[in-house]
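As a plain string of letters, each chain reads:
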Amino acid sequence: MSGVGSFLKSIDVFPKTLDEFKERTFSGATISVVSVISIVALIIGEFNYYHGIDRVDELYVDTRPEGLLDIYLNITFPNVACDVLTLDVMDGFGESQVNVEHNIHKRRLDRQGNDLNSVQKETRIGHETDEEVAQVKDALEKKKEENYCGSCYGAESVEGQCCNTCDDVKNAYRTKGWALSTHTHVEQCVRERVERQVRANSEEGCNLWGSLQVNKVQGNFHFAPGKSFQHAGNHIHDFLPFEVDHFNASHIIHNLGFGVQYPGIVNPLDRRIKLLEKDQSGLFQYFIKVVPTLFDHYGGNKISTNQYSVTEFFKLRNPQDQGQQGVIPGVFFIFDLSPIMVHIREQKRHTSTMHFFTNLCAIVGGVFTVAGIVDRLLFSGLRGISKLSLGKQ
């Protein structure tokens, strides 16, 4: 029996040293503490990796053309009042949604971005009747004519007298001793009223947010000046000259998504800022390619949504350049759908339990081995330096 015990002792690869012959050093203690901390950190990292989730992307041809496309948006126009701002939608089927208000909310803002919804506003623009709009257009067009001479509406003191402003008409009536009970039929007063409204509106901004649904085909939604309507299958914007000149299309896109958001989605237009000078106007166009996406969450929950890529284009409006007269300011989002669908699957990493424990052993053994080598080198170096110092003395 003693022979067996002696044999087993002879093959012990972990020989022990008597405590009397062990020398403990400060450097060795420091390396030990660092080693333990390293082992704990590496084990935690390995444990997190073992329980981690991988994402696998697969591409398919989208065979689900039916249904509607949900669009979620949150956009701020710092220089366009909410009364002027309208949202129109068109699709490839020829269907249009004019001045969309369902599930769309507006918040009036001042130039500093403060909420003005609690402030009462006396004038509104953009919601006049067709008769009022025609009256305004006629008044503004007359003013642009050469040698314009406004009518005094029967209150002329001399033949050929001109009343070019609302005050001129009032003074002519006052001279005759007449009362001007209403100004709605006086083109000069109508023109000045609208111009004052535009100046007032230019000091406000608007934050628009909400959602809308469109057919699952190519189309666009846009913000442009004037009143929009359908005529003979065409989408038409009827606007006044001053509406175009004062429509500053500066905007901030806080969020724009096509469908439900899923973890890790990136919307390229989120937090996009486009600002123009106060007296500038132009056309912003965003060409969007919508990619149908199926997100398969680990655990069984599936989300059918969309990603998108975008290319943008901007054209500055210059009223002095005759070649630019066709540029209508606004912000247009033109979208089209990709025929390819992306399927994103979350799955647990294919790491066996045996592989996990093998890595743990490798971590512990590797750290202690490296720590031992560093300790021996450091101990030998320090001892050599001490001997040299004693030899010099």
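Residues numbered from 1 in each chain as written. Predicted model: local features only at pLDDT ≥ 70, side-chain atom pairs only at ≥ 80, totals over all residues. Heavy atoms only, no water.

## Observations concerning the state of the cysteines
Threshold: The disulfide definition used here is simple: a pair of cysteine sulfur atoms within 2.5 Å. Numbering of helices and strands runs from the N terminus; a helix is a DSSP stretch of H or I covering at least four residues, while a strand is a stretch of E covering at least two. Relative accessibility under 20% of the residue-type maximum defines a buried residue, over 50% an exposed one, and the middle range a partly exposed one, all with a 1.4 Å probe and only protein chains included.
Under the definition given, this model contains 3 disulfides. Here Cys149 is linked by a disulfide to Cys162, with a sulfur-sulfur distance of 1.8 Å. Given an S-S torsion of about -105°, the disulfide between Cys149 and Cys162 has left-handed geometry. Residue Cys149 is located in the loop between α3 (130-144) and α4 (166-176), and its partner Cys162 is located in the loop between α3 and α4; the two are separated by 13 residues in the primary sequence. Owing to a relative accessible area of 39%, Cys149 belongs among the partly exposed residues under this scheme. Residue Cys162 is classed as partly exposed on the basis of its relative accessible area of 35%.

## Describing the pattern of salt bridges
Formally: Any Lys or Arg side-chain nitrogen found within 4 Å of a carboxyl oxygen on Asp or Glu counts as a salt bridge.
Overall, the coordinates contain 7 salt bridges when judged by the stated rule. The salt bridge involving Arg55 is made with Glu346; its shortest N-O contact spans 3.4 Å. In this pair, Arg55 is assigned in strand β1 (residues 53-61) and Glu346 in strand β15 (residues 340-348), connecting sequence segments 291 residues apart. Take Glu346: its relative accessible area is 16%, and that puts it in the buried class. Members of the salt-bridge network, linked through shared partners, are Arg272, Lys274 and Glu312.

## Re the packing of aromatic side chains
The condition that has to hold: Pairing of aromatic side chains here covers Phe, Tyr and the six-membered ring of Trp, requires ring centres within 6.5 Å, and sorts the geometry by plane angle: under 30 degrees stacked, over 60 edge-to-face, intermediate tilted.
The tally for this structure, following the rule as stated, stands at 12 aromatic pairs. Measuring from ring centre to ring centre gives 4.8 Å for Phe221 and Phe333, while their planes differ by 15°; the resulting arrangement is stacked. Of this pair, Phe221 sits in strand β7 (residues 219-223) while Phe333 sits in strand β14 (residues 330-337), placing them 112 residues apart in sequence.

## Some points on the side chain of Thr86
Applied cut-off: Residue contacts are defined here by distance: any two heavy atoms, one from each residue, within 4.5 Å place the two residues in contact.
Mapped onto the elements of the fold, Thr86 is located in the loop between β2 (68-77) and β3 (88-91). Apart from the residues lying within four places of it in its own chain, the contact partners of Thr86 are Asn99, Lys106, His222, Phe223, Ala224 and Gly226.

Bear in mind that shape data such as this cannot, by itself, settle questions of function.
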